[in-house]
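# Report on the structure
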Amino acid sequence: MRRVVITGAGTVNALAHDLPGTMRAMAEGRSAIGPLAFRDVDRLSVRIGAQVRGWPEDAQHDRFTGFALAAAAEALAMAGDGAGEGAGVVIGSAAGGIGTWEENYRAVFQDGKNRVPPLTVPRLMLNAASSQIAMRHGLRGPSFAVSSACSSANHAIGQAFRLVRDGYAPAMVAGGAEAMLCFGGIKAWEGLRVLSPDGCRPFSASRNGMVMGEGAAVFMLEDADRARARGAKALAEVAGFGMTADAGDLVAPSVEGAAAAMRAALDEARLAPEDVGYINAHGTGTRLNDRCEVAAIRAAFGPAADRAMVSSTKAMHGHAIGATGAIELVACLMALDQGVIAPTIGLDRPDPDCDLDHVPNEARRALVGAALSNSFAFGGLNAVLALKASP
Amino acid sequence: MTVAERVIALIAARALADPAAITPGMTVESLGLDSLGLVEAVFTIEEAFDITVPFTPNEDGPGGFDVSTVGAIIRGVEGLIAAKAA
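Because the structure is a prediction, the values reported are computed rather than measured.

### Here we look at the overall build of chain A
Helices and strands together make up the secondary structure of chain A, namely twelve helices and 14 strands. Computed over C-alpha atoms, the radius of gyration of chain A comes to 19 Å, within 12% of the 21 Å expected from 2.2 N^0.38 for 391 residues, which places it in the range of a compact globule. Once local pairs closer than 6 in sequence are excluded, the contacts in chain A between residues at least 24 apart make up 79%. When the accessible surface of chain A is totalled, it reaches about 14,100 Å², and 54% of it is carbon and sulfur. Side-chain charges of chain A comprise 36 positive and 40 negative groups, with the mean position of each set lying 2 Å from the other.

Rendered as structure tokens:
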């Protein structure tokens, strides 16, 4: 079996439109959460989010595809000549082209129009991001979209990891993309009553819900031997992936399901709990998630849970739903490649039930040999990536 | 039907319980309603009375809308209806 390394990374999110800017913002503990700006926002009861600012309108692509294309271009530029024709693309997204759905429903239902643009379907399809990346870069290997709500990006990266490891492709471009910050997107989440009206404060006693974000992050995953042969720098090794389904509650998380996914990722990576220095938590800032996740980490790690740093970066870039695991992988790369641990900001008063080292408010320097990235989705789908520092 | 009877009927429908068996002192947990079930019950109450119930399952302790018992929910809804009429 091949080993798989990450040789390129790119992102667009509310913190910055590129990787270096995002890492800088994460290291500085900056929040990109602010007032939302889009049509009909005054009809929402929740009006904050981590919105990508200054992003140009795109007549050809839905916003989620635009984010994905930009992130992929950055990742492929960093990876150099690593992709090649045999590479494929897997991009995760929960809602795909929801903005395109909304715009065209508005036109036909509200404005009474009887005609929509010819590219409506190719813009809104969930695989638009994967297909557009493949087309732009001439990648003819295995390509598809993955959708599992808030775990979409981790499932996508996990699939890409296994395709490279098992020899189906020499390299894969993988990540997540999401652009749900539109009237209908927020309105739907409002109905679930999980959004905070005033901020995202994971693991904090004062937390009152999640704050939505948007964006994309895309990575080049490559056969480690091939990367070494062409002299490419590896940012980290993708060493394991664990996925489980709770098959229980539709929305409430399960300690056992989450813990089992973490154990599976550790097993595949041949890591012991005490090897893991950093866990990027799902850490949504809802009471149910945060307490359940801490209990799951304790269940999977035992006494080693108290030695790992466990931060949630969602208070900075928001919960980017199907893209969130990919944006959070940036924090893992920063930990493994640069020794900088992104903090959990907004942690003013710890919840007594969230008593791990949550790296409150300020980034920390630390040498980390291995990291986990947790994503847990509505529908009870858990996806955990295990990474090691570059060999 | 009084407000209390209507609220009890809506909660009973969501909890798949007999309205006659529901008393104001009961907690929503004892009716088998979890966090999502309660969110759904509150939605049906909002629709029935055309009010907005300031309830979120993410906040601990006092400050938010009291959902500790069926009676507390009824009193809260009565207050919101009165505030709307005022």
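Let us keep going from here.
### Quick look at the packing of helix α1 (residues 3-15) of chain B against helix α2 (residues 35-49) of chain B
Residues and elements named next belong to chain B. Viewed as axis vectors pointing N to C, α1 and α2 meet at an angle of 140°, and their least axial separation amounts to 9 Å. In terms of their interaxial angle, α1 and α2 are classed as oblique. The crossing of α1 and α2 is right-handed. Here V3, R6, V7, L10, I11 and R14 of α1 lie close against α2, whose contacting residues are G37, E40, A41, T44, I45, A48 and F49. A per-class count over the contact of α1 with α2 returns eight nonpolar, two polar and three charged.

### Overview of unusual backbone geometry
All names here are of chain A. The backbone phi angle of A149 is positive, close to 50°, even though this residue is not glycine. Mapped onto the elements, A149 comes out in the loop between β5 (144-146) and α6 (152-165). Accessibility expressed as a relative area gives 24% for A149, which makes it partly exposed. Despite not being glycine, F203 has its phi angle at roughly 65°, a positive value. Here F203 lies in the loop between α7 (183-192) and β7 (215-223).

### Focus: the pairing of strand β13 (residues 370-377) of chain A
Residue and element names in this part refer to chain A. Counting buried residues along β13, eight of its eight residues qualify, which places the element largely inside the surrounding structure. The alternating pattern of β13 places A370, L372, N374 and F376 and A371, S373, S375 and A377 on opposite faces, both of which are buried. In the sheet, strand β9 (residues 278-280) pairs with β13 via three bridges, with the strands oriented parallel. Across the sheet, N280 pairs through a bridge with S373, a residue of β13. With eight bridges connecting them, β13 and strand β14 (residues 381-389) associate as antiparallel partners. The residue bridging A377 from the neighbouring strand is L381, located in β14. With antiparallel pairing between neighbouring strands as the criterion, β13 and β14 make up a hairpin whose turn holds three residues, including G379 at a positive phi of roughly 90°.

### Some points on the pattern of salt bridges
All names here are of chain A. Tallied over the full model, the rule gives 27 salt bridges over all chains. Two residues, R291 and D353, come together in a salt bridge whose shortest N-O distance is 3.4 Å. Taken as a pair, R291 in helix α10 (residues 287-301) and D353 in the loop between β11 (340-341) and β12 (364-365) lie far apart in primary sequence, 62 residues in all. It is possible to trace a salt-bridge network through shared partners that takes in R207, D290, R291, D351 and D353.

### Considerations on the sheet that holds β5(A)
Residue and element names in this part refer to chain A. One open sheet accounts for ten strands, arranged β5-β4-β6-β7-β1-β8-β14-β13-β9-β10; its pairing is mixed. Among the strands making up the open sheet, the edge pair consists of β5 and β10 (309-311). On average, each strand axis in the sheet is inclined to that of its neighbour by 25°, with strand direction left out of account. Sheet strands in contact with α6 are β1 (4-13), β4 (88-92), β5, β6 (171-178), β7, β8 (236-245), β13 and β14, and its direction is about 120° off that of β8.

### Examining the side chain of D246(A)
All names here are of chain A. Within the fold, D246 resides in the loop between β8 and α9 (255-269). Buried and unpaired, D246 has no salt bridge, with R263 as the nearest side chain of opposite charge at 11 Å. Engagement of the side chain of D246 in a polar contact is seen with the side chain of N382, the distance being 2.8 Å. Discounting residues that sit within four places of it in the chain, D246 has contacts with A252, P253, S254, G257, A258, G380 and N382.

### Structural notes on α2(B)
Along its 15 residues, α2(B) runs 21 Å from first to last C-alpha, staying within 8% of the 21 Å computed at 1.5 Å per residue. Listed as buried for α2(B) are L36(B), G37(B), L38(B), V39(B), A41(B), V42(B), I45(B), E46(B) and F49(B). Contact partners of the buried residues in α2(B): α7 of chain A together with α1 and α3 (70-85) of chain B. Of the residues one or two after α2(B), D50(B) is the one with positive phi, at around 50°.

### Description of the interface of chain A and chain B
Taken together, the contact pairs 14 residues of chain A with 13 residues of chain B. Contact between chain A and chain B buries roughly 1,000 Å² in total, counting both sides, with carbon and sulfur atoms accounting for 42%. For the chain A face of the interface with chain B, the top three residues by lost area are R193(A), N208(A) and R287(A), together amounting to 60%. Across the salt bridge formed by E46(B) and R193(A), the nearest N and O atoms sit 2.5 Å from each other.

The rules behind these values
- Residues numbered from 1 in each chain as written.
- Chains lettered and ligands numbered in written order.
- Predicted model: local features only at pLDDT ≥ 70, side-chain atom pairs only at ≥ 80, totals over all residues.
- Heavy atoms only, no water.
- Helix = DSSP H or I, 4+ residues; strand = E, 2+ residues; numbered from the N terminus.
- Rg over C-alpha atoms; globule rule 2.2 N^0.38 Å.
- Contact = heavy atoms within 4.5 Å.
- Areas by Shrake-Rupley, 256 points an atom, 1.4 Å probe, with all protein chains shown as cover.
- Lys, Arg positive; Asp, Glu negative; His and termini not counted.
- Charge placed at Lys NZ, Arg CZ, Asp CG, Glu CD.
- Axes fitted to C-alpha atoms, helices over the stretch in contact; angles between N-to-C directions.
- Parallel < 35°, antiparallel > 145°, perpendicular 65-115°, else oblique.
- Left-handed = near helix turned anticlockwise from the far one by under 90°.
- Nonpolar A, V, L, I, M, F, W, Y, C, P; charged D, E, K, R; others polar.
- Buried < 20%, exposed > 50% of the residue type's maximum accessible area, 1.4 Å probe, protein only.
- Pairing = 2+ DSSP bridges.
- Salt bridge = Lys/Arg side-chain N within 4 Å of Asp/Glu carboxyl O.
- Polar contact = N/O pair within 3.5 Å; in protein donor to acceptor, adjacent residues only side chain to side chain.
- Expected span 1.5 Å × (residues − 1).
- Buried area = accessible area lost by both parts, 1.4 Å probe.

Bear in mind that shape data such as this cannot, by itself, settle questions of function.
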